[in-house]
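Listed below, chain by chain, are the residues.
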Amino acid sequence: MEQYSGSQIVVLEGLEAVRRRPGMYIGSTGSRGLHHLVWEIIDNGIDEHLAGYCTQINVTLRKDGGIEIEDNGRGVPVDIHPQKNIPTARVVYTILHAGGKFGHSVYKVSGGLHGVGASVVNALSKRMIVEIKRDGNIYRDEYINGGHPVTELVDGLLPVVGKCKKNETGTKVIFFPDDAIFETVEFKAEIIQKKLRELSYLNKNLTLTFYDENTGISQTYKEEHGIKSFISYLTRDMNVLHEEPIYLEGKSGNIEVEIAFQYTNNFAEQINSYCNCINVVDGGTHVTGFKTGLTRVINQYARELGVLKDKNENFDGKDVRNGIVAIVSIKHPDPQFEGQTKTKLGNTDAKTAVEEVFSQEAQRWFDKNVEVLKAILDNTMKSYNARKASDKARTAILKQLNDVDTRSKLASCSSKKPEECELYIVEGDSAGGTVKTARNRRTQAVLPLRGKILNVEKATLDKILLNNEIKSMIAAFGCGIGEDFDISKLNYDKIIILTDADVDGSHISTLLLTFFYRFMPDLIKAGKIYKGLPPLYRVEYEPASKSKKKREFKYLYNDFELETFRKNKDYKIINIQRYKGLGEMDAQQLWETTLNPETRVLAQITISDNIEADEITNILMSSNVPPRRTFIMEEAKYAKLDI
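Per chain, residue numbering runs from 1 following the sequence as it is written. Per-residue local features of the predicted model are confined to residues with pLDDT of at least 70, and side-chain atom pairs are confined, for both listing and counting, to 80 or more; whole-chain, interface and lining totals are unaffected and use all residues. Side-chain numbers here rest on the full set of heavy atoms in the structure, without hydrogens or water.

*Asks:* Quick question: what am I supposed to make of the overall build of the protein here?
*Replies:* Secondary structure counts use DSSP, requiring at least four H or I residues in a row for a helix and at least two E residues in a row for a strand, with both numbered from the N terminus. Tallying secondary structure elements over the protein gives 20 helices and 22 strands in all. Counting every position in the protein, which comprises 643 residues, the buried fraction comes to 51%. Sequence separation of at least 24 residues holds for 68% of the intrachain contacts in the protein that already meet a minimum separation of 6. Total accessible area on the protein is roughly 31,300 Å²; 48% of this is exposed by carbon and sulfur atoms. For every residue, the accessible area (1.4 Å probe, protein chains only) is compared with the maximum for its type, and the residue is labelled buried under 20%, exposed over 50%, or partly exposed between those bounds. Contacts: residue pairs with any heavy atoms within 4.5 Å of one another. For the accessible areas, the method is Shrake-Rupley and the probe is 1.4 Å, while residue cover comes only from the protein chains on display.

*Asks:* Please explain the pairing of strand E11 (residues 255-263) as it appears in this structure.
*Replies:* Two faces belong to every sheet, and in a regular strand the side chains alternate between them. Among the nine residues of E11, eight are classified as buried, and the element is accordingly described as predominantly covered. Relative to E11, strand E10 (residues 246-252) runs antiparallel, the two being bridged by seven bridges. Bridge pairing in E11 links Gly-250 to Val-257. We treat two strands as partners when DSSP finds at least two bridges between them. Between the end of E10 and the start of E11, which pair antiparallel, lie two residues, with Gly-253 showing a positive phi angle near 65°. By the bridge criterion, eight bridges tie E11 to strand E14 (residues 324-331) in an arrangement that is antiparallel. Paired with Val-257 across the strands is Ile-330, a residue of E14.

*Asks:* What is the right way to look at the sheet that holds E11 in this model?
*Replies:* Whenever strands of a sheet pair, they do so through backbone hydrogen bonds, lying parallel or antiparallel. The sheet built from five strands is open, its strands ordered E10-E11-E14-E12-E13 with mixed pairing. Unpaired on one side and paired on the other, E10 and strand E13 (278-279) mark the two borders of the sheet.

*Asks:* Help me out: how do you make sense of unusual backbone geometry in this one?
*Replies:* Of note, the phi angle at Asp-155 is positive, near 55°, even though the residue is not glycine. Checked against the element boundaries, Asp-155 lands in the loop between strand E5 (148-149) and strand E6 (160-163). Assessed through its relative accessible area of 76%, Asp-155 is described here as exposed.

*Asks:* What should I look at first to understand the nonpolar core in this one?
*Replies:* The nonpolar side chains of a soluble globular protein tend to be buried, and buried together. Definition of nonpolar core: a set of buried residues of the types Ala, Val, Leu, Ile, Met, Phe, Trp, Tyr and Cys, connected through side-chain atoms within 4.5 Å. One finds Ile-42, Ile-67, Ile-69, Phe-175 and Ile-192 to be the most contacted residues of the largest nonpolar core, which totals 61 residues. By residue number, the principal contributor to this core is helix H3 (residues 31-50), which donates seven residues. Residue ranges for the domains trace back to a domain assignment, done automatically or taken from a database. There are two domains that each give this core at least three residues, and those are domain 1 (15-223) and domain 2 (226-393). When residues no more than four places from it in sequence are discounted, the contact partners of Ile-42 are Ile-57, Val-59, Ile-69, Leu-196 and Leu-199.

*Asks:* Looking at this structure, I do not really get the packing of helix H12 (residues 428-438) against helix H18 (residues 587-595). What am I missing?
*Replies:* Packed helix pairs are specified by the crossing angle of their axes together with the interaxial distance, meaning the distance between the axes. Each axis is a line fitted through C-alpha atoms, and for a helix only the stretch in contact is used; angles between axes span 0 to 180 degrees, taken between their N-to-C directions. It is the contact of H12 with H18, at a shortest axis distance of 8 Å, that shows an interaxial angle of 80°. Classified by the angle between their axes, H12 and H18 sit roughly perpendicular to one another. Touching Thr-434, Val-435, Thr-437 and Ala-438 of H12 are Ala-587, Leu-590, Trp-591 and Leu-595, all from H18. For the contact of H12 with H18, the per-class residue count stands at six nonpolar, two polar and no charged. Geometric relationships in this document are graded by angle, where less than 35 degrees denotes roughly parallel, more than 145 denotes roughly antiparallel, 65 to 115 denotes roughly perpendicular, and other angles denote oblique. Amino acids outside the nonpolar list (Ala, Val, Leu, Ile, Met, Phe, Trp, Tyr, Cys, Pro) and the charged list (Asp, Glu, Lys, Arg) are all regarded as polar, and Gly is one of them.

*Asks:* Help me understand the pattern of salt bridges, please; the structure alone is not making it clear to me.
*Replies:* Pairing is possible between side chains of opposite charge, provided their charged atoms come close. Here a salt bridge means any side-chain nitrogen of Lys or Arg lying within 4 Å of a carboxyl oxygen belonging to Asp or Glu. On inspection of all chains with the given rule, the structure shows 26 salt bridges. Across the pair Asp-141 and Arg-90 runs a salt bridge whose closest N-O atoms are separated by 2.8 Å. In this pair, Asp-141 is assigned in strand E4 (residues 137-144) and Arg-90 in helix H4 (residues 88-94), connecting sequence segments 51 residues apart. Both residues of the pair, Asp-141 and Arg-90, count as buried. Between Asp-493 and Lys-528 there is a salt bridge; the shortest N-O distance is 2.9 Å. One end of the pair, Asp-493, is in the loop between helix H14 (468-477) and strand E17 (494-498); the other, Lys-528, is in the loop between helix H16 (521-525) and strand E18 (529-532), with 35 residues separating them in the sequence. On the accessibility criterion, Asp-493 (24% relative accessible area) is partly exposed. When salt bridges with common partners are traced through the structure, they connect Arg-127, Glu-131, Arg-140, Glu-142 and Lys-172 into a single cluster.

*Asks:* When you look at the packing of aromatic side chains in this model, what are you seeing that I'm missing?
*Replies:* The relative placement of two aromatic rings is captured by the distance of their centres and the angle of their planes. Between rings of Phe, Tyr and Trp, where Trp is taken as its six-membered ring, a pair exists when centres lie within 6.5 Å; planes separated by under 30 degrees are stacked, by over 60 edge-to-face, and by other angles tilted. Using the criterion set out here, one finds 18 aromatic pairs in the structure. A ring pair is formed by Phe-230 and Tyr-274, whose centres lie 6.4 Å apart and whose planes are at 45°; its orientation type is tilted. Of the two residues, Phe-230 sits in helix H7 (residues 227-234) while Tyr-274 sits in strand E12 (residues 270-275), which places them 44 residues apart along the sequence. Residues Phe-230 and Tyr-274 agree in their burial class; the two are buried. With a centroid separation of 5.8 Å and 80° between ring planes, the pair formed by Tyr-301 and Phe-366 is classed as edge-to-face. Of this pair, Tyr-301 sits in helix H8 (residues 285-304) while Phe-366 sits in helix H10 (residues 348-368), and the two are 65 residues apart along the sequence. Summarising the burial analysis for this pair, Tyr-301 and Phe-366 share the class buried. An aromatic cluster of at least three residues, connected via ring pairs, comprises Tyr-201, Phe-230, Tyr-233 and Tyr-274. Ring-over charges, as used throughout, are those where CZ of Arg or NZ of Lys falls within 6 Å of the ring centre and within 35 degrees of the ring normal. The ring of Trp-39 carries Lys-195 above its face, with NZ or CZ at 5.4 Å from the centroid. Taking the ring centre of Tyr-537 as reference, the NZ or CZ of Arg-578 above it sits at 5.7 Å.

Shown next as structure tokens:
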């Protein structure tokens, strides 16, 4: 038996824990995690704005690869911290769980709650510079290699490096992410610009500026009408049922509530939620309060106006929300989020507050805007009638799913343990045949699709269920769909989309992802959907050295890898094979590159931004051509054509 003692227990001091496990603090070390660092610093300025002190935040992408974020808030305190006996600013940027947001004496509401944001950014940077304006002085501190201070203190205080006006205050942070930790350290201007636009909608009259030193592009964001303008922006390419978005605001106890919404002719609903300006991706109690209040108010008016004749009849919540685009934003003094990355709100008082404010303010608004109310009731009634009319047909179709003959299509696996099983969805019988031959028959099932599935973006569920390919997928998954969906009954731990690397393959992948996103979103949220990434090239080569003439081969997955390999002087390329489709690989090659869990490359499908996901899905999959053409033309400059 191996010795196990206290000497083997590792204690990580200071910020080292963050560097060893960055995913715990920022979600990932990819592009999303990289930009999360930016949001953490910006959030500190937003909190100053919410406290009534900050009116401007400037973000600059620097030529040297760093990013600079400056606000005109009160400035981080620079006095000696009573417990740590070092400057308070250094405490904030080097010690986890140190901040002014644990009590309510400094911030009544804030987005950063754990006191780890600024110090985590420092921990994951190879260099950080902080400049603070207070009391007519400019103070400076610098850190390297994950938060180690290099600035010498003067009588225990940060050195003064300049002067400013007495009433001029604020904090500037410049940081350079550590390329030894992150997969990429290249900030994307378009991602930051979208975030700043979003924050301008959520914070009325806050000025946010963006400047890119590399391109000279600059932009200023400032919104007077807040989330009402946000709704107009989100519905700009949609057919709306009423011209002006509905805006409601109020306060319940110490919780401030803002709600804006507008109805469109889309089938899907889009509800985006925020708490203290943090995008709460998975919603939570405040969204539940909005849904409950909306359903109750609409049902109440439906009875008063005689739309619903039977006292025992009610509009379903989904009928009421059919086609809605909404934003629910609250300011809460003590929000309880799930995890540091804040994906869901759990406060029960948030539900009560939103429901109360909505019920009161919505009735006042609808009493003054009866025509808009009638348009919403008419839309709800159409949804209600369509649902009632299709209930029998849908129930019949769902019952038939148990009898769908997937045997002719589905090559099932022998294991009956869902946690070790995976399903490959492939295009066509040819690729399906190769995958069936190459797979591990015990744990890997294969479902070939014949042709492209239905575009579900503008289709009702009963119409979707008539599509044979979709019925086959639902039957194979085993977890149902719509109101009958139960993820605990899913037959597979992974559902892997495997298509050719061409236009048709991309289109099929997009159609499948649209179906999952609109009608089985919990599969994506639970991390069950993946995209298989087969290699594009098989390169045969030999060492450039004459003493080692031995031919070898290597699989490359994209054009960038191929170009990098071509530039390597240590190898001489003999032959390059380009795989146009899965059918061009033999079974052994397909197993080695795409199916073997030890060597394959899978991309997990996740949703980091509900607004962007809804927006792009609507643009690409709807029948509205001009916005799609504009989107494709704008994105084309970032694409590489393979001809």
